[in-house]
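Single-letter residue listing:
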Amino acid sequence: MHFTKTEKAYWMTEAIKEARKAELLGEVPIGAVVVHENRIIGRGHNLRETSKNATTHAEMIAIQEANRRLDNWRLEDCQLFVTLEPCAMCSGAIVLSRIDAVYYGPKDFKGGTAGTLMNLLEDDRLNHQAYVEQGVLEEECKDLLVTFFRELRLKKKQAKLQRDCSCQGTETQAE
């Protein structure tokens, strides 16, 4: 199933809502939704820090929820909307679950495997391929990540300054 520009924006907005949930938890703001027959059957947002589990990416959580909703490991006739290009693990899960199409926002130049570093989703050597479309609400998705990492760097810098100041104060008192 292919969507109109308006429909793609609607589904990606739902994925962005998931990303904002991750952000509220201090997680990297990435969100995903699985759509089947024009309704969301799986939602997910990053939970790696919260769960202390490297596999709890937004896509993985959304796929697992969709599996439960359909009571099937096959997600044929399903589409995934995700706010950042999927990594190798998530692309593998997408292929194995037989999702038809993947729509994502910005490219991930450090780990993207839906066209940037490689394209696992359209590799005809695998038993399943998915349609891939990059750039859906790209700027909105990118802004979430840029803002998150800018604020994270600022917090780290402030914490370092505070540590440095408190250490200097201790040295002065000891003299």
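Because the structure is a prediction, the values reported are computed rather than measured. (Residues numbered from 1 in each chain as written. Predicted model: local features only at pLDDT ≥ 70, side-chain atom pairs only at ≥ 80, totals over all residues. Heavy atoms only, no water.)

**Notes on the packing of helix α3 (residues 58-70) against helix α4 (residues 88-97)**
We count it as follows: The axes used here are C-alpha line fits, helices contributing only the stretch in contact, and every angle between their N-to-C directions lies in the interval 0 to 180 degrees. Runs of E in the DSSP output that reach at least two residues are strands. Runs of H or I that reach at least four are helices, and both are numbered from the N terminus. In these notes the angle categories are as follows: under 35 degrees is roughly parallel, over 145 is roughly antiparallel, 65 to 115 is roughly perpendicular, and the rest is oblique. Here a crossing is taken to be left-handed if its near helix is turned anticlockwise relative to the far helix by less than a right angle, and right-handed if that turn runs clockwise. By definition in these notes, contact holds between two residues if any of their heavy atoms fall within 4.5 Å.
Interaxial distance between α3 and α4 falls to 9 Å at its minimum, and their mutual angle equals 20°. Classified by the interaxial angle, the pair formed by α3 and α4 is roughly parallel. As α3 packs across α4, the resulting crossing turns out to be left-handed. The residues of α4 that touch α3, namely those facing E59, M60 and I63, are M89, C90, A93, I94 and S97.

**Concerning the UniProt feature "binding site: Zn(2+)" (unreviewed entry) in the chain**
Which entries qualify depends on this criterion: UniProt positions are given in the numbering used here, feature names are shortened, and annotations may be inferred rather than shown by experiment. To sort residues, take the accessible area from a 1.4 Å probe on protein chains only and compare it with the maximum for the residue type: under 20% means buried, over 50% means exposed, and anything in between is partly exposed.
Following the UniProt record, one finds the feature "binding site: Zn(2+)" (unreviewed entry) at H57, C87 and C90. Spanning 34 residues, the annotated positions come together in the fold, the maximum distance between their C-alpha atoms being 9.3 Å. Along the chain, H57 falls in the loop between α2 (48-51) and α3. Using a relative accessible area of 14% as the deciding quantity, one classes H57 as buried. Apart from residues no more than four positions distant in its own chain, H57 is found in contact with N46, R48, C87, M89 and C90.

**Here's the deal with the pattern of salt bridges**
How we decide: By convention in these notes, a salt bridge is any Lys or Arg side-chain nitrogen within 4 Å of a carboxyl oxygen on Asp or Glu.
Throughout the structure, instances matching the rule amount to 9 salt bridges. In this structure, the salt-bridge partner of E65 is R69, at a minimum N-O distance of 3.4 Å. With E65 and R69 both in helix α3, this residue pair falls 4 residues apart, about one helical turn. Since its relative accessible area comes to 24%, E65 is described here as partly exposed. Taking the relative accessible area as the measure of exposure, R69 reaches 53% and is therefore exposed.

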